[in-house]
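What the coordinates show
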Amino acid sequence: RHWTQNRYALFRRLWQALYTKRKSMNNKYKVFILFVLFSSMGSAIACGNHALISTTKDNGKKIGLFISPEQIKKTPTWSPQNGEPPLSVSKAFTILKKWSKEYYARYDDVAIHEISLKKYHCLNISDHWFYSFELAPIIEGNQLRFSGNWAAVLFDGTVIGTKEY
């Protein structure tokens, strides 16, 4: 079964258990369980509308990495049990380095500090993954390690940078 179907099945069973006349569970625990269920489902329901990674800059503006459901649906599906990803990490790195020359044009270069392979979580979208990169622009030989320098490389080769919101 798909993970969202399992989540909904669990939700239905817990809802039924909570609202049958059981005296073993007090109301504050029922409210807590429902809160946890709804909050964990919210991130999947709001896919595309929230940043996958975000931070607040010194000026108070938020910056985040957003991947829309439309963008991720265009990518090949993949699961770890199916072997290597359709886009190798070395190919994703090469694509990102080419993109960073334009995106970070005012800097001399960009260093890669972290590469993560992440699953895209959204209702009705399964088995879509992407690479997430943490970057550090370089100027005059010095790496500038400040927050908000992320990019995603989708399995179709699309690069997505951060945006203010």
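This report concerns the structure included in the present document. Remember, predicted model here, so these are calculated numbers, not experimental data.

1. Let's talk about the overall build of the protein chain
Within the protein chain one finds four helices and eight strands. Moving toward the C terminus, one meets the helices and strands of the protein chain in the order α-α-β-β-α-α-β-β-β-β-β-β. Per-residue burial over the protein chain gives 36% buried out of 165 residues. Within the protein chain, residue pairs in contact and separated by at least 24 positions form 59% of the contacts whose partners lie at least 6 positions apart. Summed over its atoms, the accessible surface of the protein chain is roughly 10400 Å², and 52% of this surface lies on carbon and sulfur atoms.

2. Concerning the nonpolar core
Ranked by internal contacts, the top residues of the largest apolar core, which has 17 residues, are Leu96, Leu135 and Val153. Elements with a minimum of two residues in this core: helix H4 (89-103), strand E4 (129-139) and strand E6 (150-154). Not counting the four nearest positions on each side in its chain, Val153 is found in contact with Leu87, Ala92, Ile95, Leu96, Phe130, Tyr131, Phe133, Thr158 and Val159. Of all hydrophobic cores here, the second largest spans 13 residues; its members include Cys47, Ile53, Leu65 and Ile72.

3. Quick notes on a nonpolar patch on the surface
Side chains of Val89, Phe93 and Ile115 sit close together on the surface and give an oily, nonpolar patch of about 230 Å² of accessible area. Note on placement: Phe93 falls in helix H4. Take Phe93: its relative accessible area is 35%, and that puts it in the partly exposed class.

4. Topic: the pattern of salt bridges
Considering all chains together, one arrives at four salt bridges under this definition. With a closest N to O distance of 3.0 Å, Lys97 and Asp109 form a salt bridge. Residue Lys97 is found in helix H4, and its partner Asp109 is found in strand E3 (residues 109-119); the two are separated by twelve residues along the sequence. Across the pair Glu134 and Arg145 runs a salt bridge whose closest N-O atoms are separated by 3.1 Å. Linking Glu134 in strand E4 with Arg145 in the loop between strand E5 (142-143) and E6, this pair joins segments that are eleven residues apart in sequence.

Basis of the calculations
- Residues numbered from 1 in each chain as written.
- Predicted model: local features only at pLDDT ≥ 70, side-chain atom pairs only at ≥ 80, totals over all residues.
- Heavy atoms only, no water.
- Helix = DSSP H or I, 4+ residues; strand = E, 2+ residues; numbered from the N terminus.
- Buried < 20%, exposed > 50% of the residue type's maximum accessible area, 1.4 Å probe, protein only.
- Contact = heavy atoms within 4.5 Å.
- Areas by Shrake-Rupley, 256 points an atom, 1.4 Å probe, with all protein chains shown as cover.
- Core = buried A, V, L, I, M, F, W, Y, C linked by side-chain atoms within 4.5 Å.
- Patch = residues over 30% accessible without salt bridge, like charges linked within 9 Å, V, L, I, M, F, W, Y side chains within 5 Å.
- Salt bridge = Lys/Arg side-chain N within 4 Å of Asp/Glu carboxyl O.

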